[in-house]
Amino acid sequence: MASSVVATEDEIQKRIRDMAQQLAAHYLPLTHQDSAAAEEGVEAPISLDNPLILVSVLKGSYIFTADLVRYLHDAGLPNVCDFVRLSSYNAGTSSTGQIETLLSLKYKNLRNKHVLIVEDVCDSGRTLSYFHKYMQETYAPKSLKTLVLVNKVDGARKVDYEPEYAVMTGPNEYIIGYGFEVNDRYRDFRHVFVLKDGEAGRYPLKL
């Protein structure tokens, strides 16, 4: 079902661990901001009482998120996680360009918080552009950034959007494994592969 390997399990884990260290280096200095200013709503220092809020986009990012939060813990960065489910794929491997919200956030008090959107991939950019704007307008966080596991290159973008953080870059091809799927198959593979031509229709859409 695969034509080539994008990243092995060992490579993926090392890059996520390195990314967690990079995120800690960015966010941990915020723990030393003035607490009086925080009480006035000017700043939002990160602490166990006010952790970094991860917003994980299901389903594709759930495996990535599970590893990421543990590496963030190892790096000493307090964090909590909530989930949304968005979809622009009705069937197969082609995006419809229409974003549908299937599951909404449970967290409500995100104003003046530091929020990190966690997504599996940025390809066309439509979903992340839409969701970033929605989060900013709806919740007015102190900071809002995006982390993706794979940032596709080579002409993948359809809109002007780039995530602030990417664990790795990947080809502008359909990929499977480590959360990436076709009709919910292949998510459990430990490596990330490029899907072989002709394999997208192997399984029925509905289970």
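Per chain, residues are indexed from 1 in the order of the written sequence. Side-chain atom pairs in this predicted model are given and counted only at pLDDT of 80 or more, local residue features only at pLDDT of at least 70, and totals for whole chains, interfaces and linings cover all residues. Side-chain figures throughout are based on the complete set of non-hydrogen atoms in the structure, without hydrogens or water.

Looking at an unreviewed UniProt entry, one finds the protein chain named Hypoxanthine phosphoribosyltransferase and attributed to Strigomonas culicis.

Provide a residue-level description of the packing of aromatic side chains, including the pertinent values.
Ring pairs shown here join Phe, Tyr and Trp side chains whose ring centres sit within 6.5 Å, with only the six-membered ring taken for Trp; geometry is labelled stacked below 30 degrees between planes, edge-to-face above 60, and tilted in between. Under the criterion given, the structure shown has four aromatic pairs. Arranged with centres 6.1 Å apart and planes meeting at 20°, the rings of Phe131 and Tyr134 form a pair that is stacked. Here Tyr134 and Phe131 lie together in helix H4 (residues 126–139), a separation of three residues that amounts to about one turn. Whether a residue is buried, partly exposed or exposed follows from its accessible area with a 1.4 Å probe, protein chains only, as a fraction of its type maximum: under 20%, in between, or over 50%, in that order. Its relative accessible area of 3% is what places Phe131 among the buried residues. To qualify as a helix, a DSSP run of H or I must reach at least 4 residues; to qualify as a strand, a run of E must reach at least 2; elements of each kind are numbered from the N terminus.

Pulling in residues and values, what's your account of a nonpolar patch on the surface?
The grouping of Phe83, Leu102 and Leu103 at the surface amounts to a nonpolar patch, some 230 Å² of accessible area in total. Mapped onto the elements, Phe83 comes out in strand E3 (residues 79–87). Nonpolar side chains (Val, Leu, Ile, Met, Phe, Trp, Tyr) within 5 Å and like charges within 9 Å form the patches, drawn only from residues with over 30% relative accessible area and no salt bridge. Values of accessible area rely on a 1.4 Å probe in the Shrake-Rupley scheme; residue burial ignores everything except the protein chains shown. Take a side-chain nitrogen of Lys or Arg and a carboxyl oxygen of Asp or Glu: if they are within 4 Å of each other, that pair is a salt bridge.

Go over the sheet that holds strand E5 (residues 114–122) with me, naming the residues and quoting the values.
The criterion for strand pairing is that DSSP finds at least two bridges linking the strands in question. Spatially, the six strands line up as an open sheet ordered E4-E3-E2-E5-E6-E7, and their pairing is mixed. Strands at the two margins of the open sheet, each flanked by one partner only, are strand E4 (100–103) and strand E7 (165–170). For this sheet the average axis-to-axis angle between neighbouring strands, irrespective of direction, equals 30°. Direction of pairing for strand E2 (residues 52–58) relative to E5: parallel, over a ladder of four bridges. Residue pairing across strands places Leu54 opposite Leu116, the latter belonging to E5. Every residue pair with non-hydrogen atoms within 4.5 Å of one another is taken to be in contact. All axes here are fitted lines through C-alpha atoms, helices being fitted over the stretch that makes contact, and every angle between N-to-C directions spans 0 to 180 degrees. Packing against the sheet, H4 makes contact with E2, E3, E4, E5 and strand E6 (143–152), and its axis sits at approximately 165° to E5.

Please provide a residue-by-residue account of the side chain of Thr65, values included.
For Thr65, the location among the structural elements is in helix H3 (residues 62–74). A relative accessible area of 3% places Thr65 in the buried class. By the criterion applied in these results, polar contacts are pairs of N or O atoms within 3.5 Å in which, for protein atoms, one can donate a hydrogen and the other can accept it, and in which residues neighboring in sequence qualify only through two side-chain atoms. Side chain to side chain, Thr65 and Ser56 meet in a polar contact 2.7 Å long. Setting aside chain neighbours within four positions, we find Thr65 in contact with Ser56, Cys81 and Val118.

Pulling in residues and values, what's your account of the nonpolar core?
Membership of the largest hydrophobic core comes to 32 residues, with the highest contact counts inside it found for Ile16, Leu23, Phe64, Leu68, Leu116, Leu147 and Leu149. Put simply, the parts of the chain that give this core at least two residues each are strand E1 (2–7), helix H1 (9–27), E2, H3, E5, E6, E7 and strand E9 (192–195). The biggest single contributor to this core is H1, with seven residues. Here, the term nonpolar core denotes a set of buried Ala, Val, Leu, Ile, Met, Phe, Trp, Tyr and Cys residues that are joined through side-chain atoms within 4.5 Å. Membership of the second largest hydrophobic core comes to 17 residues, among which are Val55, Leu128, Leu144 and Val148.

Describe in detail the sheet that holds E1, supporting the description with residues and values.
Pairing is antiparallel across the open sheet formed by three strands, whose spatial order is E1-E9-E8. Of all strands in the sheet, those with a lone pairing partner are E1 and strand E8 (175–176), marking the two edges. As paired strands, E8 and E9 are joined by two bridges and run antiparallel to one another. Paired with Ile175 across the bridge in E9 is Val194.

So what's going on with the confidence of the model for the protein chain? Which residues, and what values?
Taken residue by residue, the protein chain gives an average pLDDT of 88. The fraction at 70 or more is 88%. By definition, pLDDT measures how confident the predictor is in each residue, and it falls between 0 and 100. At the level of individual helices and strands, the protein chain shows its lowest average pLDDT in helix H2 (residues 35–39), which scores 47, and its highest in H3, which scores 98. Taken together, the stretch residues 33–42 has pLDDT below 50 and engages in 10 contacts with residues farther than four places along the chain or on a different chain.

So what's going on with the pattern of salt bridges? Residues and values would help.
Following the criterion strictly, the structure yields eight salt bridges and no others. Measuring nitrogen to oxygen at the nearest pair gives 3.1 Å for the salt bridge that ties Glu199 to Arg202. When its relative accessible area of 12% is taken as the criterion, Glu199 is described as buried.

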